[in-house]
Structure formats: C-alpha cells, structure tokens
Amino acid sequence: MSNQQYSFFESVEKSFDKAAKFTKWDKGLLEQIKACNSIYSMKFPVKMDDGRIEVIEAYRIQHSQHKTPCKGGIRFSLAVNQDEVMALASLMTYKCAIVNVPFGGAKGGIKISPREHSAYELEKITRRYTAELVKKNFIGPGIDVPAPDYGTGEREMSWIVDTYQSLKPGEIDAAGCVTGKPISQGGVNGRREATGLGVFFGIREVCNIPELMKKTGLTPGVVGKSVVVQGLGNVGFYTAKFFRQGGAKIIAIAEYEGAIYNAAGLNEEEVFAHRKATGSILNFPGATNITNSGDALELECDILIPAALENVINGTNAGKVKAKIIGEAANGPLTPEADEIFAAKGILVVPDMYLNAGGVTVSYFEWLKNLSHVRYGRMEKRFTENMNTHILGQIENLTGKKVAESERNSIMHGADEIDLVHSGLEETMISSTREIVEIWHSNPEIPDMRTAAYVCAINKVAISYVELGIFP
Ligand code: NAD
C-alpha cells in the first residue's frame, strides 16, 4: 500500500526531531522524552474452538511515566508489531500532554484478526492478555489504564475489567483499570462517540479561524463543506455523524472492501445498516461504487478524514489528493513524505496527535468517575433545576411575561452526565486547537500544524520533567 521510507516509530521520531529544533530543551531531556520506557512483549497459548493451540503475540508498551497512570488503547490487528505499538504509545504521551490529560502514554496490541475468531476465542485471548498484564504489573488504575482502539470496543473492555477485578478482589478503585467500558460496568456516557465528536469539534474550530481558512481558500464554517471519510468503524462513523449533523455533506465513505460516492450526501447510519445487512458497503442505494477503496482518498472534496489505519497516504498517492483540509482521525495516516507534499501544496493537515484526542479526554473523565464512585451530575442536577425554576419564576413575576414552553425546558434543564462530558470535550478541543495555532503563528519558521502540535507537547512534557527535578 505504501512506499514509505520510514517505519511508523521512525516517522514519529522524525516529526519529534523536526519540532524539537523549535524548543529550548537540553539534548538529554529530549532523548528521554522520545524514548519508550517499558516494553512488554509477550507470547501466550490459547486453545481455539477447534481444539488447536495458537500461540498469540502481544504487546503493552509504556512510552512515558512522567505522569501516571499511563494510558492508551489496545489494538487487535494482524499488522500489530513492536514498532507500531511503540509509535502509538509515543503519540499517546504527546496527545495527553497537549489536551492536559495527566497521563503518560502507552499502547497495547494483539496480533490477531478479530474477524477470524469467534467471540469465545476473542474472550479467551483478551482475558489471558489481561492476566499477563496483571502478572507483570502492567495494568491498574494507578499504573496503566488501557482503552479501546482499532478492532476493540466496549465488549473487550468489559472482559478486561472483569478479569482484573477477579484477580484483584476488594480493590476499591478496580473499575478504573480500563476505560471505554459499557455504562453498566463503570463506563461514562459519551465515551463511545468521543473520538469522532472530538474530531468534529477540532475541525470545526479550525474552520472558524479566518487566517487558516484564507490559506486553504475555503469559506469559514463547516456548513456545506464536502467530506470524505475512510473507515466506518467507531471513529469514522461518529465523525461522519457529527459532520452531517453540523451541516456538512459526507460525499464518500471508504471501507476496506470498496467505497461509495454520492455528491448529494450520504447518511452514515443508513450506510452502516446496509453494510450490516449485505456484508459490504458497496451497492448502497443512490450511490456510485468505487471498487478500489483507496481511490476515495483522491476525490475532489473540502475535508478528507482518514479514520482507519496508519500510512494510508504516502509518497505514492499524496500528490493525487485534492482535499483542502486533511483531518487525521486515525493515528499516523500520513507518512512524512505525504506531509512534505501537502505543505508544498498548501493543504492543511490537522494532526492526529491532538485531533483524535477526544477518546483519551473522555477516558480521563471515565477514570475520574471510577475513582470518585459517583455519576457526573448526580449531586447537582436537581439543585440546578430547582434554582433555574426559581429564577425563571422571579423573572416572570417581575416582568409579567411568560417564557415560551419550548424555551422553558432548555433554561431549566440541569446538566446530565452526557451534557457535562460533551461540554468538557468541546472545551478541550477548542482550547487545544487555539493553543496549537497560536504556537504555529508565533514563529514563521514552524512549517506546519503537526510541528506546532509537537512543540506544544514537547514543552509540556519537558516542563513536567524539569519540575520533577530530574533534569536541572
Ligand atoms: P475500528 O476497528 O472501530 O474501525 C476501523 C475501520 O476501518 C473498520 O471498519 C475497518 O474495516 C476499516 N478499515 C480498515 N482498513 C481499511 C482500509 N484500507 N480502507 C478503508 N477502511 C478500512 O477502529 P477505530 O477505533 O475507529 O480506530 C480507527 C483509527 O482511529 C485507528 O488509527 C485508531 O488508532 C484511531 N483512534 C481510535 C480511538 C478510539 O477511541 N477508538 C481514539 C483515537 C484514535
């Protein structure tokens, strides 16, 4: 698929080095920030449904413990290898730093194709992997807290928390050993859609910054913008949903079996239902088939959202991409060669490392909920509603006028968990976008938004090392 010159981890290191030149930090400190601190590479046997024993290759890598616990998703994919997990763990450190989530970066991976295993086999693999992590002290609410990633979701997180709790009976904060859990297992409302919603909030903010829009030649705002999404999994589905609801048009969706195009716009829920019913995204009513899925990346559009896997846009196809903005919803979808091509063409790349931070931001909220043992809004919702009713009554008495019934409900409403989670996420994505753009615009030598994001991350991690007293 790609002709990239660098491994994924080398690409991350290359971007880091490019940005480090714009910081004032000591060489040794920069080396420490870049290094992966702990690498746990494991193999374990699992008996499959047909009686065969399969030896499973898996990893958990903690890139940085400058803040604990470490945090990062677990990926199930046949492409998993140590280099990939190291790269993803590093990105987690930088991502958490940018969005002010007080965690170090980590990542896990199991080299399997989830589609080729039964649910029972996947459960055995996940539980055994968790037991291995417990044995080596690589998981725990204060040590390392996994989450979903490519190929995993709420179901796998339930197996993890259940295994952990049975191996650590009585540990009061055990639910905080993993995030992305179903609500009944200690999850938080809003985690499922968090990454996609964060991608939307981030790009919407970019579209609201006039200087950036001038560079791309687009008008401000997301309304009416044409969007192409690659990957209709957790991140791609919700990104498409929030863009459509925000007034943009999803003109194409790509999956691994092909892509579909409709200039009038696609509804991601209908496409998802069609794929579930027929087993393929292709032949969706009213849409044109694109048999070579990768061709969708080269369609004329305003915003391109790669939300599948890394290295999909590289030296080979970057020159053919016609989008004005690329929002990296996936981790590492562009190679450094692609970055250079886009910088030269004036295509704005909004980098993965903060754009897809919605997942970890809401995971942080979930972890806090687990440690506090109380649902967000439980204590104040009714109080706020009573207070708002009282204020509204006073205003109506004093003015002699009545507020319309439709307005009344929204004025009186006290915040539910979902309202607080979405508002915390919106604030995080807006302020991170502004912080990165400010760094970018503060120095004309900083070539792109990715480099600015790395500068932001490096500065924040460096300061916490310096303030720990480790480096003078
Ligand atoms: P997922 O498994 O839910 O979905 C990925 C989708 O991409 C699947 O539907 C898969 O069939 C599709 N896909 C695979 N190869 C493809 C190809 N070549 N062309 C088109 N589609 C293809 O995974 P996800 O959780 O949505 O993660 C997607 C990306 O987002 C990954 O890079 C992941 O690291 C990143 N990410 C995920 C989260 C999260 O909260 N889940 C958070 C941050 C970043």
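Everything numeric in this text was worked out from a predicted model, so none of it was measured.

1. Some remarks on helix H4 (residues 119–135)
Thought 1: Here H4 is 17 residues long and its end C-alpha atoms lie 24 Å apart, about the 24 Å a rise of 1.5 Å per residue gives.
Thought 2: All of the buried residues in H4 are Glu 121, Leu 122, Ile 125, Thr 126, Tyr 129, Thr 130, Glu 132, Leu 133 and Val 134.
Thought 3: Buried residues along H4 sit against strand E1 (38–47), strand E2 (53–62), strand E3 (70–76), strand E4 (104–110) and helix H5 (154–167).
Thought 4: Just downstream of H4, Asn 137 is the residue with a positive phi angle, here 60 degrees.

2. Comments concerning the packing of helix H2 (residues 27–34) against helix H16 (residues 449–468)
Thought 1: The interhelical angle for the contact between H2 and H16, taken along N-to-C directions, is 110 degrees, at an axis separation of 10 Å. Judged on the interaxial angle alone, H16 and H2 are roughly perpendicular. Contacts from Leu 29, Leu 30, Gln 32 and Ile 33 in H2 reach Ile 458, Val 461, Ala 462, Tyr 465 and Val 466 in H16.
Thought 2: Taken together, the residues of the contact of H2 with H16 break down into eight nonpolar, one polar and no charged.

3. What about the environment of Val 421?
Thought 1: Its place among the elements puts Val 421 in helix H15 (residues 417–442).
Thought 2: With 98 residues separating them in the primary sequence, Val 421 and Ala 323 have C-alpha atoms 31 Å apart.
Thought 3: Those residues within four positions of Val 421 in sequence are excluded, and the remaining contacts are Val 188, Asn 189, Gly 190, Val 362 and Phe 365.

4. Some words on the site of the ligand
Thought 1: Near the ligand lie 22 residues; those nearest to it are Arg 75, Asp 149, Thr 195, Glu 255 and Asn 331.
Thought 2: The side chain of Arg 191 places a nitrogen or oxygen atom 3.4 Å from an oxygen atom of the ligand.
Thought 3: The contact in question runs from a nitrogen atom of the ligand to an N or O atom on the side chain of Gln 230, over 3.5 Å.
Thought 4: Expressed as a share of its isolated accessible area of 830 Å², the protein-covered part of the ligand is 89%.
Thought 5: Counting only elements with at least two residues in the shell around the ligand, the list comes to helix H8 (234–245) and strand E7 (249–255).
Thought 6: Tallied by class, residues from the shell around the ligand come to nine nonpolar, nine polar and four charged.
Thought 7: Residues lining the shell around the ligand come from more than one domain, with at least three contributed by each of domain 1 (38–185) and domain 2 (188–380 + 415–472).

5. Some words on the domain arrangement of the protein chain
Thought 1: Looking at the protein chain, the domain boundaries give domain 1 (38–185) and domain 2 (188–380 + 415–472).
Thought 2: Distance between the C-alpha centres of domain 1 and domain 2: 24 Å.
Thought 3: Contacts between the two partners involve 39 residues from domain 1, matched on the other side by 37 residues from domain 2.
Thought 4: Counting the surface domain 1 buries against domain 2, the share from its top three residues, His 66, Lys 95 and Ile 98, is 21%.
Thought 5: In this structure, the connection of domain 1 to domain 2 is made through three salt bridges.
Thought 6: A salt bridge links Arg 75 to Glu 310; the shortest N-O distance between them is 2.9 Å.
Thought 7: Viewed at the interface, domain 2 and domain 1 are joined by 13 residue pairs in polar contact (both at pLDDT 80 or more).
Thought 8: Of all the elements, helix H3 (residues 82–98) adds the most residues to the side of domain 1 that touches domain 2, at ten residues.
Thought 9: Looking at the side of domain 1 that touches domain 2, its residues break down into 21 nonpolar, seven polar and eleven charged.

6. Topic: the side chain of Lys 71
Thought 1: Relative to the helices and strands, Lys 71 resides in strand E3.
Thought 2: At 7.1 Å, Asp 144 is the nearest oppositely charged side chain to Lys 71, a buried residue that forms no salt bridge.
Thought 3: Of note is the side chain of Lys 71, whose polar atom sits 3.2 Å from the backbone oxygen of Pro 146.

7. As for the pairing of E7
Thought 1: Counted residue by residue, E7 has six buried out of seven residues, so it is predominantly covered.
Thought 2: Pairing of strand E6 (residues 226–230) with E7, which is carried by five bridges, proceeds in the parallel orientation. Considered in E7, the bridge of Val 229 is made with Ile 253.
Thought 3: Summarising the sheet, E7 and strand E8 (residues 258–261) pair through four bridges and their orientation is antiparallel. Looking at the pairing, Ala 252 lines up with Tyr 261 of E8.
Thought 4: The hairpin turn running from E7 into E8, its antiparallel successor, is two residues long.

Conventions used here
Residues numbered from 1 in each chain as written. Predicted model: local features only at pLDDT ≥ 70, side-chain atom pairs only at ≥ 80, totals over all residues. Heavy atoms only, no water. Helix = DSSP H or I, 4+ residues; strand = E, 2+ residues; numbered from the N terminus. Expected span 1.5 Å × (residues − 1). Buried < 20%, exposed > 50% of the residue type's maximum accessible area, 1.4 Å probe, protein only. Contact = heavy atoms within 4.5 Å. Axes fitted to C-alpha atoms, helices over the stretch in contact; angles between N-to-C directions. Parallel < 35°, antiparallel > 145°, perpendicular 65-115°, else oblique. Nonpolar A, V, L, I, M, F, W, Y, C, P; charged D, E, K, R; others polar. Near = heavy atom within 4 Å. Polar contact = N/O pair within 3.5 Å; in protein donor to acceptor, adjacent residues only side chain to side chain. Areas by Shrake-Rupley, 256 points an atom, 1.4 Å probe, with all protein chains shown as cover. Domains from an automatic or database assignment. Buried area = accessible area lost by both parts, 1.4 Å probe. Salt bridge = Lys/Arg side-chain N within 4 Å of Asp/Glu carboxyl O. Lys, Arg positive; Asp, Glu negative; His and termini not counted. Pairing = 2+ DSSP bridges.

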